[in-house]
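Chain by chain, the residues:
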2 protein chains.
Amino acid sequence: MAQDMTLLWGSGSPPCWRVMIALEEKKLQGYNSRLLSFDKMEHKSQQVLDINPRGQVPSFKHGDIIVNESYAACFYLESRFKSQGAKLIPDGPEEQALMYQRMFEGLSLYDKLGAVIFYDYYVPEGERLESALKRNKETLVTELKLWEGYLEKLGSGSYLAGKAFTMTDVVVFPTVATAFRFGLSAERYPKLGAYHALMKERPSIKASWPPHWLENPKGQDTLKDI
Amino acid sequence: MAQDMTLLWGSGSPPCWRVMIALEEKKLQGYNSRLLSFDKMEHKSQQVLDINPRGQVPSFKHGDIIVNESYAACFYLESRFKSQGAKLIPDGPEEQALMYQRMFEGLSLYDKLGAVIFYDYYVPEGERLESALKRNKETLVTELKLWEGYLEKLGSGSYLAGKAFTMTDVVVFPTVATAFRFGLSAERYPKLGAYHALMKERPSIKASWPPHWLENPKGQDTLKDI
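It should be emphasised that the depicted structure is a prediction, and the values quoted were computed from it without experimental measurement. (Residues numbered from 1 in each chain as written. Chains lettered and ligands numbered in written order. Predicted model: local features only at pLDDT ≥ 70, side-chain atom pairs only at ≥ 80, totals over all residues. Heavy atoms only, no water.)

Caption draft 1: Seen up close, the pairing of strand β3 (residues 59-62) of chain A. Residues and elements named next belong to chain A. The pairing of strand β1 (residues 5-10) with β3 spans 4 bridges and is classified as antiparallel. Across the sheet, leucine 8 pairs through a bridge with serine 59, a residue of β3. In the sheet, β3 pairs with strand β4 (residues 65-66) via 2 bridges, with the strands oriented antiparallel. The partner of histidine 62 across the bridge, within β4, is isoleucine 65. Linkage of β3 to β4, two consecutive antiparallel strands, is achieved through a turn of 2 residues, within which glycine 63 is found at a positive phi near 60 degrees. (Pairing = 2+ DSSP bridges. Helix = DSSP H or I, 4+ residues; strand = E, 2+ residues; numbered from the N terminus.)

The structure is reproduced here in structure tokens:
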């Protein structure tokens, strides 16, 4: 049990979800879980600022140790609890290299997805341009096709960095799931669709599925045409 | 010697520089170093695309293993050559946590710096807005002050994640150096200025200093007023 750990998080935030999956995979259930409301701006509240000067979630504390950046928290948990739960960093040099490579490419996927689905959030009203959003969509399509190709090359039933589940899946799956939540077509992106379906059955994913997605299973259709 | 390694890179690119510093710190001199010209669009050439489908540098190969993402390459090199050269990941849980935390915050610093100094590169001519650039500058100032505060708290002579040089310095220093190259004032940001001066004396930094900065020591003044 992980009673000396506290996670402040928001439902549906991919960075928060990464840490929650890592905690599940490392068998660190029982941590103090505090679900905050983005609508009520609770991520800017004092309880967040006390841990995270950026006023962002996830905010994560283990005893006196604070690790808020989601990738950082995942690395930290794997390092501290190496022999507990799933092994997230493979030993083989090739497997490890691919894991690192895809993990960090995952940040491109996340940024490019956000530049489309959160366009109105990031860009103030008077500055929004059809041309910019169109370009962001094209950039996202190119990125998604790259991942579709990666999965195709790895063969069916694969995870993002090979035949085994790794840290790459911990940090990139929430982005993939968010794309489907926002209407990505599993027919047009069948390998990503199959990966999404495979991962949805994993206990750590089930245990950490965003509660407001459970309450309201129908998502948006922002990406339905791409 | 690292004759089985090839790095394709561009002068002044912070991501390329990260990998070059890691190679120096891990005593992996003697790799095949191929300096490409961004002006001639050589980063989109076939020799890059053969290694990196994104058409980006760094592109890095070790034998048959390819790791192009700069953070991924640094992790990979530290893992493969753990007991060679500088130890980049500290053993202590607190030191390690801070190293991971600052490393990934470094991506925010890099993005926010880029959104100012490369604004004209990222945003097509017809879409540029004074209001957006002004906001980007304000965001960058907030970010720089955060780092100034981190260094102040660590005390003089510190590296970015404490008293010892770590992977955080490998990946974040190129961003700090770029900020000063683009005119950041060491008087207004004295802790960052002192850190910049400290790091400039380090052999790995000297050995990897961008050649076109050496040729033309005077940089831009984009950031002089922030």
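Caption draft 2: Inspection of the interface of chain B and chain A at higher detail. The interface of chain B with chain A comprises 33 residues on the first partner and 33 residues on the second. Run the count over chain B and chain A and you get 6 salt bridges. Elements that contribute at least two residues to the side of chain B that touches chain A include exactly α3 (70-80), α4 (93-117) and α6 (130-154) of chain B. Of all the elements, α4(B) adds the most residues to the side of chain B that touches chain A, at 11 residues. Grouping the amino acids of the side of chain B that touches chain A by side-chain chemistry returns 18 nonpolar, 6 polar and 9 charged. (Contact = heavy atoms within 4.5 Å. Salt bridge = Lys/Arg side-chain N within 4 Å of Asp/Glu carboxyl O. Nonpolar A, V, L, I, M, F, W, Y, C, P; charged D, E, K, R; others polar.)

Caption draft 3: Seen up close, the domain arrangement of chain A. All names here are of chain A. According to the domain assignment, chain A contains domain 1 (5-80) and domain 2 (93-215). Between the C-alpha centres of domain 1 and domain 2 there is a distance of 21 Å. With both chains or domains summed, domain 1 and domain 2 bury close to 1,900 Å², and 74% of this area falls on carbon and sulfur atoms. Looking at the side of domain 1 facing domain 2, the largest losses of area belong to Trp17, Arg18 and Tyr71, adding up to 37% of the total buried there. Ionic pairing is found between arginine 202 and glutamate 25, a salt bridge with its closest N-O pair at 2.7 Å. In this assembly, domain 1 and domain 2 are joined by 6 residue pairs in polar contact (both at pLDDT 80 or more). Of all the secondary structure elements, the ones that give two or more residues to the side of domain 1 that touches domain 2 are α1 (14-25) and α3 (70-80). The dominant element in the side of domain 1 that touches domain 2, judged by the number of residues it contributes, is α1, at 9 residues. Split into classes, the residues belonging to the side of domain 1 that touches domain 2 amount to 11 nonpolar, 2 polar and 4 charged. (Domains from an automatic or database assignment. Buried area = accessible area lost by both parts, 1.4 Å probe. Polar contact = N/O pair within 3.5 Å; in protein donor to acceptor, adjacent residues only side chain to side chain.)

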